[in-house]
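Here are the chains, one letter per residue:
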Amino acid sequence: MVCFDRFSPPHTLGSSHGESRVIRTAYFEGSWYVPLLHESFRLWRELEAETHSDLLTLTGALMIGSPTSEVVSGALESARVHELDIDLMDGVALRKRYPGHVLDEDDVGLLDVQAGFVRIESAIESMLSHAGDVRRNTPVSSISSLLDTFDAVVVAAGAWTPELVDWLPLAVERQVVGWFRIEDGVDWFTPDRFPVFIRESEETGSVYGIPTLDGVSLKVAVHHDGGSADPERLNREVSDADVNPLKRYVAHYLRGVTTDLVRASVCMYTNTPDRHFAIGLSPHDPRVTVISACSGHGFKFAPIIGDIAADLVIDRRTDRDISRFSFARFASGDPARTR
């Protein structure tokens, strides 16, 4: 196996950096993700054992919003379908248990017990140790040229996928993440006391956060709020306009965190129109497997999607249910062929 990367991973130029990524089980995006998540948790633990690494930390994941919000109602539906371990709290119980959150009047909280975060750079280093021949700083401009040398090709190029697969409707989105200083003496943002969270409201949209890993700062970001972007010309400078929405959220909805920005990071989402994954064999050449497990929520699935890619390359099929991720849902007219 040969892997080509246009940069030298782990790096800060794509979508796989920024210290941590949320992993959860009561998936509000759709109950069909849950079986894949169960496998992902198992495979992350296997990778930890094989590489003697600390990759996955369980904190629980707290979904905050009105009872009818997508994050709460969707997570509740996934929990119901798959009999997951959750704890549904009203505002009174939520305030008492997690004093770091300031709530709106109708907010409730759903705690997804089997959840936490993955240390992203360590995870990539661990995966690379099993990746075989990695050709770093080697951009690929044509899939067809690779097929002259290799029996099969897997395209997992993130924000650069549209350069290679022009029949798949993808849009790249710029995202900014901020780390904000915790007030002196506040101790409730540690991983053992503060679950990762996703909060939905009409005022803020969807905001997520991860407990402090350095004892100094808390990571916060707005989910899907970056506008379109070109990965080759991405603005990597963070402006006041980028961080002001995060500062407003911290000031109004977090108790014990200041608006003092410790650091910030720019990354990218690569979105499908419905924000679900796109995984399968190319409709134009079954030797080509395309993996666009993205739309801002793909990293947690990396181990199982790697297994699915192996299934598709070797058997040209998989026993995992990926029907929801079919390219056919985007079909319209006669798409251009893979370059």
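Described in the following lines is the structure provided in the data block. (Residues numbered from 1 in each chain as written. Predicted model: local features only at pLDDT ≥ 70, side-chain atom pairs only at ≥ 80, totals over all residues. Heavy atoms only, no water.)

Section: the pairing of strand E15 (residues 278–282)
And then number 1: Of all five residues in E15, four are buried, a share of seventy percent or more.
And then number 2: Adjacent in sequence and paired antiparallel, E15 and strand E16 (residues 285–292) are bridged by two residues. (Buried < 20%, exposed > 50% of the residue type's maximum accessible area, 1.4 Å probe, protein only. Helix = DSSP H or I, 4+ residues; strand = E, 2+ residues; numbered from the N terminus. Pairing = 2+ DSSP bridges.)

Here we look at the pairing of E16
Regular strands place their side chains on alternate faces of the sheet.
And then number 1: With six of eight residues buried, E16 is to be regarded as a mostly interior element.
And then number 2: As paired elements, strand E9 (residues 153–155) and E16 share three bridges and run parallel to each other. When the bridges of E16 are listed, Val155 appears paired with Val290.

Thoughts on the nonpolar core
And then number 1: Counting 40 residues, the largest nonpolar core has Met63, Phe277, Ile279, Phe301 and Ile305 as its most contacted members.
And then number 2: Of all the elements in the fold, those that place two or more residues in this core are helix H1 (34–51), strand E4 (61–65), helix H2 (70–82), strand E6 (108–112), strand E10 (171–182), strand E11 (196–201), strand E12 (205–210) and helix H8 (302–315).
And then number 3: If sequence neighbours within four positions are ignored, Ile279 has contacts with Val290, Ile291, Ala293, Ile305, Ile308, Leu312, Ile322, Phe325 and Phe327.
And then number 4: Residues Tyr98, Leu111, Tyr249 and Tyr253 belong to the second largest nonpolar core, which totals 22 residues. (Core = buried A, V, L, I, M, F, W, Y, C linked by side-chain atoms within 4.5 Å. Contact = heavy atoms within 4.5 Å.)

Thoughts on the packing of H1 against helix H4 (residues 120–128)
And then number 1: Following both chains from N to C, one finds H1 and H4 inclined at 70°, their axes separated by 10 Å at the closest point. Taken together, the axes of H1 and H4 are roughly perpendicular relative to one another. The hand of the H1/H4 crossing is left-handed. Contacts between H1 and H4 involve Trp44, Leu47 and Thr51 on the former and, on the latter, Ala123, Ser126 and Met127.
And then number 2: Per-class residue counts for the contact of H1 with H4 are four nonpolar, two polar and no charged. (Axes fitted to C-alpha atoms, helices over the stretch in contact; angles between N-to-C directions. Parallel < 35°, antiparallel > 145°, perpendicular 65-115°, else oblique. Left-handed = near helix turned anticlockwise from the far one by under 90°. Nonpolar A, V, L, I, M, F, W, Y, C, P; charged D, E, K, R; others polar.)

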